[in-house]
Structures are given as C-alpha cells and as structure tokens.
Amino acid sequence: MSTKFGINAGMQIIFVLVFLSGTCFSQDSARLTGSLPLLPDAGDLEAQRKQISDYFEARVEAVQKDRDESWQPDFSSTSAYEHSLEDHRKNLRAMLGLIESDPNSGPAQINKIAETNE
C-alpha cells in the first residue's frame, strides 16, 4: 500500500531505520555520563553487508529464471513472433501509462475558432 507521496510502508520503515541508525551512531549525540557510545562491531558490519549482498544476488537470479520462463517469443515466423509479443507490448504500454487510441474514433477533427491575417 502506498502513501500520498508514493512511498510504500516497507520503504517508510527502511527510511526510519536508516535515519535512526544515523542518529544512534552519531558522535555528537548526547549520552549519559560514564557510558560509551554504541558503535557496531566491524565484524557485524561485514556480516550484514554480506547478507545484504547475498540477498540481492539471490533476487537477481530468481528474476532471471522467472523472466526466462515467461519470455519465450515464437521465432517460427514473423507473424508468429509479432503475435507472441502482443501481450508483452500491451503490458509495457500499461506500465508506461500509454493509452491506445480507440480504433473506432476516426481521425482527429479540426474546428477553426478564429482566423489570423498571417
């Protein structure tokens, strides 16, 4: 579900966590007397970086597999190829927000509302 700014709830949570992590690890933040700043262990950061990298690599591999399964154009003839791409083209137009004109509407009509001396 997206908000009025077009940001979904997951992105809002990530933004808040990133913002809070910046304030938690800031050297200028106030802390109690005698306490040490809360800093992450270098090993923990490396493990987190590796976990994030592995996650995105797995997602890329999964998307490639899904794409290969769903994207199988028919190369047997030109008309078969065009027909096999129709649904993909329709989906792309919808994703881009392009609207097909109504084939029954005919050509555009031009009505003069005024004339100039030029």
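Before reading on, note that the structure itself is shown above.
Everything quoted here is computed from the prediction, not taken from an experiment. (Residues numbered from 1 in each chain as written. Predicted model: local features only at pLDDT ≥ 70, side-chain atom pairs only at ≥ 80, totals over all residues. Heavy atoms only, no water.)

K.L.:
Looking at this structure, I do not really get the packing of aromatic side chains. What am I missing?
P.N.:
The description of an aromatic ring pair uses the distance of the two centres, along with the angle that the planes make with each other. All told, the structure shown has 2 aromatic pairs when counted by the stated rule. Judged by centre distance (5.2 Å) and plane angle (75°), the ring pair of Tyr 55 and Phe 56 falls under edge-to-face. Since its relative accessible area comes to 49%, Tyr 55 is described here as partly exposed. Considering the side-chain rings of Phe 75 and Tyr 81, the 5.5 Å spacing of their centres and the 25° angle between planes classify their relative orientation as stacked. Judged by its relative accessible area of 65%, Phe 75 falls in the exposed class. Note on Tyr 81: relative accessible area 29%, which makes it partly exposed. (Phe/Tyr/Trp six-rings, centres within 6.5 Å; stacked < 30°, edge-to-face > 60°. Buried < 20%, exposed > 50% of the residue type's maximum accessible area, 1.4 Å probe, protein only.)

K.L.:
Can you help me understand a nonpolar patch on the surface in this one?
P.N.:
A surface patch of nonpolar side chains, about 460 Å² in accessible area, is lined by Leu 92, Met 95, Leu 96 and Leu 98. By secondary structure assignment, the location of Leu 96 is in helix 3 (residues 78–96). Classification of Leu 96 by relative accessible area gives exposed; the value is 57%. (Patch = residues over 30% accessible without salt bridge, like charges linked within 9 Å, V, L, I, M, F, W, Y side chains within 5 Å. Areas by Shrake-Rupley, 256 points an atom, 1.4 Å probe, with all protein chains shown as cover. Salt bridge = Lys/Arg side-chain N within 4 Å of Asp/Glu carboxyl O. Helix = DSSP H or I, 4+ residues; strand = E, 2+ residues; numbered from the N terminus.)

K.L.:
Which parts of the structure should I look at to understand the pattern of salt bridges?
P.N.:
Opposite charge on two side chains permits them to pair, given that their charged atoms come into close proximity. Applying the stated criterion across every chain, the model contains 3 salt bridges. For Arg 49, the salt bridge identified is with Glu 46, shortest N-O distance 2.7 Å. Pair noted here: Arg 49 and Glu 46 are both in helix 2 (residues 42–70), with a separation of 3 residues, about one helical turn. A salt bridge links Glu 82 to Arg 89, with the nearest nitrogen and oxygen atoms 2.8 Å apart.

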